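Chain by chain, the residues run as shown.
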Amino acid sequence: MEKLKLLTGIVLLSAMSAATNVLAQSAKPELIKKADQALDLAVKQYKLMAKQVPDSLLPRSTNKDGSLMTSKSDWWCSGFFPGTLWYLYEYSKDESLKQEALKRMAVIEKEKYNTHTHDLGFMMYCSFGNAYRLTKDPTYKEVLLTSAKSLSTRFNPAVGCIKSWDHGSFTFPVIIDNMMNLELLTWASRVSGDPSFDKIARTHANTTIKNHFRDDYSSYHVVDYNTASGAVLQKKTHQGAADSSAWSRGQAWGLYGYTMLYRETKDKKYLSQAKHIADFILNNPHLPEDMIPYWDYDAPGIPNVPRDASAGAIAAAALLELSRYASGKDVARYWNAAEKMLTSLASPAYLAREGENNDFILMHSVGSAPHNSEVDVPLSYADYYFVEALLRYKQWGKK
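Residues numbered from 1 in each chain as written. Predicted model: local features only at pLDDT ≥ 70, side-chain atom pairs only at ≥ 80, totals over all residues. Heavy atoms only, no water.

(A) Representation of helix H13 (residues 380–396) within the structure. In this model, H13 (17 residues) spans 24 Å end to end at C-alpha, consistent with the 24 Å of a helix rising 1.5 Å per residue. In terms of burial, H13 is largely enclosed, as 15 of its 17 residues are buried. (Helix = DSSP H or I, 4+ residues; strand = E, 2+ residues; numbered from the N terminus. Expected span 1.5 Å × (residues − 1). Buried < 20%, exposed > 50% of the residue type's maximum accessible area, 1.4 Å probe, protein only.)

(B) Region of interest: the packing of helix H6 (residues 138–152) against helix H7 (residues 182–192). At their nearest, the axes of H6 and H7 sit 9 Å apart, and the two run at 125° to each other. Relative to H7, H6 is oriented oblique. Crossing of H6 over H7 shows left-handed handedness. Of the residues in H7, those in contact with Lys 141, Leu 144, Leu 145, Ser 147, Ala 148, Leu 151 and Ser 152 of H6 are Leu 184, Leu 185, Trp 187, Ala 188, Val 191 and Ser 192. Tallied by class, the residues present in the contact of H6 with H7 amount to nine nonpolar, three polar and one charged. (Axes fitted to C-alpha atoms, helices over the stretch in contact; angles between N-to-C directions. Parallel < 35°, antiparallel > 145°, perpendicular 65-115°, else oblique. Left-handed = near helix turned anticlockwise from the far one by under 90°. Contact = heavy atoms within 4.5 Å. Nonpolar A, V, L, I, M, F, W, Y, C, P; charged D, E, K, R; others polar.)

(C) Representation of the confidence of the model for the chain in the model. When pLDDT is averaged across the chain, the result is 94; 94% of the residues are at 70 or more. This stretch, residues 1–23, has a pLDDT under 50; its non-local contacts, to residues over four places away or in other chains, come to 11 contacts. (pLDDT = per-residue confidence, 0-100.)

(D) Local environment of the packing of H7 against helix H8 (residues 195–212). Contact geometry of H7 with H8 gives a least axis separation of 7 Å together with a crossing angle of 150°. By the criterion of interaxial angle, the relationship of H7 to H8 is roughly antiparallel. Seen along the crossing, H7 lies across H8 with a hand that is left-handed. Contacts between H7 and H8 pair Leu 182, Leu 185, Thr 186, Ala 188, Ser 189 and Ser 192 from the former with Pro 195, Ser 196, Phe 197, Asp 198, Ile 200, Ala 201, His 204 and Ala 205 from the latter. Of the residues belonging to the contact of H7 with H8, the class tally is eight nonpolar, five polar and one charged.

Printed below as a string of structure tokens:
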């Protein structure tokens, strides 16, 4: 009987360990210290930034003349500034950050009715989603549900995807970035009880697995579809180096998106997809030693091309989460890779000094190199995912 009890206890402990394997990964004290220093800097930077950005606008990047670039509420990045403010409020409990977040959310709330963009996940879930998570204010819940309904109008059942753009020469373009907007839909199903949102998210993700990825699990940026038959018309890039290249932020979007979908659905095919994408990134011969990618893994001129800190920040946040769902050696492999990325991003090579960099946190990101747009500049979403990754590291690392 005692042996049976002992064996039962071992089995239970093993099961608990497998379910929460991230607890076996210890956060490095020196990186925790750097994380706190980076977050303290971020608080100062964003309080400075709040004074520089007109109340009706949102910070976006840096112009070519070095001045602050802002956007209106309908730009796809509009939710990142208030979203980062909520994260920094969560970290610091500084009430002024919360008040600033509320002020900026009032500017973008009307976008809940916007049916002309696929980016409502970025715009509304990163802002109002964090607000609802931290306050449970039912007003925010209603904003998010309305946003999910608006996003759902862009879904075409024949294609099996949400349309990304209404502009350009494409017929029904779907970009890999769109994976990030699906969390708004899975959340909406969970809180409303309406399964249609989740069905759209899963169908979009399944279609993307089928058509967006190459044999090595790198991703095309844009897949264009026939709206009647759902047939693929072309596979292209918009922000990558070539149609056949691996645009680094696109790989990070895919990694994060499928990791998130596994968390939301527990469907193992999404976990498998996330692991394959992670392996493509981590095994890539063009991944620099400091683990911060070039703007495209196949960019002409490597190594003398710009890095993309945003791709590194997104990948770090995703890898930390993926380590929680992985098994065996992959647990430490993903966790350690994220540590290296965060160590680099928190170093003077990428982390701005107080009062500089137009008060953004990270330097050296790339928006769209082919268009000579936002090249080697700060970006609001680089800051958002960097702060998210730092908070995840502090929260999930074994004490």
